[in-house]
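# What the coordinates show
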Amino acid sequence: MTGTGIRARNEAICEQYLSGDLYPEIAEKFGISKERVRQILNNKGVEIRPRCESVRISIKKGRFAKAALPTGPQDAARETRVVRLVGDGMSYRQAAKELGISRSAVAGIVRRYKKRMAA
């Protein structure tokens, strides 16, 4: 790829990210690693979104379907509330305060949810 081609690709990557696409989607589209996407964005000075924002975008795009929520009574109810709060725009810290649990518990619930959805 020529210098001009690389610059055009990097600009396209920035545009994709700013339009709401996530690292994995961009990496797959351009045939590069997620880490390379991150490097390109950093080099271009693009402000990287917080992780909770990426989760929120994923939920809104339907990448993590509501049908994937667990069916067990108590844990399922808490997980459902956590995922919905984060999906509706709350930060992990805000969701934790709302539910009376730790921020790390919220992060763990979201991580397990994402892992189950990716399977």
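Only a predicted model underlies this, so the values are computations on that prediction, with no experimental measurement involved.

For the protein, the count of helices and strands is seven helices and zero strands. Order of helices (α) and strands (β) in the protein, N terminus to C terminus: α-α-α-α-α-α-α. In the protein, buried positions account for 39% of the 119 residues. When contacts within the protein are restricted to residue pairs at least 6 apart in sequence, long-range pairs at least 24 apart make up 56% of them. Summing over all exposed atoms, the protein offers an accessible surface of approximately 7500 Å²; the carbon and sulfur share of this is 50%.

Attention shifts here to helix 6 (residues 92–99). Three- or four-residue spacings in an α-helix give side chains the same orientation, since the helix completes a turn every 3.6 residues. Every buried residue of helix 6 is listed here: Tyr92, Ala95 and Ala96. Looking straight down helix 6, one finds its buried side chains confined to an arc of 100°; they lie on one side. Exposed positions of helix 6 whose direction lies more than 90 degrees from the buried face are Arg93, Lys97 and Glu98. Once helix 6 finishes, Gly100 follows within two positions and takes phi at roughly 70°, a positive value.

This part is about the packing of aromatic side chains. Per the stated rule, a full pass over the model turns up one aromatic pair. Seen from their ring centres, Tyr17 and Tyr23 are 5.8 Å apart, and the 15° between their planes marks the pair as stacked. Neither residue differs from the other here; Tyr17 and Tyr23 are each classed as buried. Here the basic side chain of Arg49 rests over the ring of Tyr17, its NZ or CZ set 3.9 Å away from the ring centre.

Any two side chains of opposite charge can pair, on the condition that their charged atoms come close. This structure, assessed with the given rule, holds two salt bridges. As a salt-bridge pair, Lys44 and Glu11 come within 2.7 Å of each other at their nearest N and O atoms. Placement of Lys44 in the loop between helix 3 (34–43) and helix 4 (51–60) and of Glu11 in helix 1 (residues 3–18) is noted, with a sequence separation of 33 residues between them. Under the relative-accessibility criterion, Lys44 is labelled partly exposed at 37%. The partner of Arg38 in a salt bridge is Glu35, and the shortest N-O contact between them spans 2.6 Å. Remark: Glu35 and Arg38 occur in helix 3; sequence separation between them is three residues, near one turn of the helix.

If you look at the biggest cluster of nonpolar residues, it comprises 17 residues, and the most contacted ones within it are Val55, Val82, Val86, Tyr92, Ile101, Val106 and Val110. The set of elements that each furnish at least two residues to this core consists of helix 4, helix 5 (73–87), helix 6 and helix 7 (103–118). Among the elements that line this core, the one with the most residues is helix 7, at six residues. Aside from chain neighbours lying at most four places away, what touches Ile101 is Arg78, Val82, Ala96, Val106 and Ile109. Core analysis: the next-biggest nonpolar cluster, separate from the first, contains eleven residues, Cys14, Tyr17, Tyr23 and Ile26 among them.

Rules used in this analysis
- Residues numbered from 1 in each chain as written.
- Predicted model: local features only at pLDDT ≥ 70, side-chain atom pairs only at ≥ 80, totals over all residues.
- Heavy atoms only, no water.
- Helix = DSSP H or I, 4+ residues; strand = E, 2+ residues; numbered from the N terminus.
- Buried < 20%, exposed > 50% of the residue type's maximum accessible area, 1.4 Å probe, protein only.
- Contact = heavy atoms within 4.5 Å.
- Areas by Shrake-Rupley, 256 points an atom, 1.4 Å probe, with all protein chains shown as cover.
- Arc of directions from axis to C-beta.
- Phe/Tyr/Trp six-rings, centres within 6.5 Å; stacked < 30°, edge-to-face > 60°.
- Lys NZ or Arg CZ within 6 Å of the ring centre and 35° of its normal.
- Salt bridge = Lys/Arg side-chain N within 4 Å of Asp/Glu carboxyl O.
- Core = buried A, V, L, I, M, F, W, Y, C linked by side-chain atoms within 4.5 Å.

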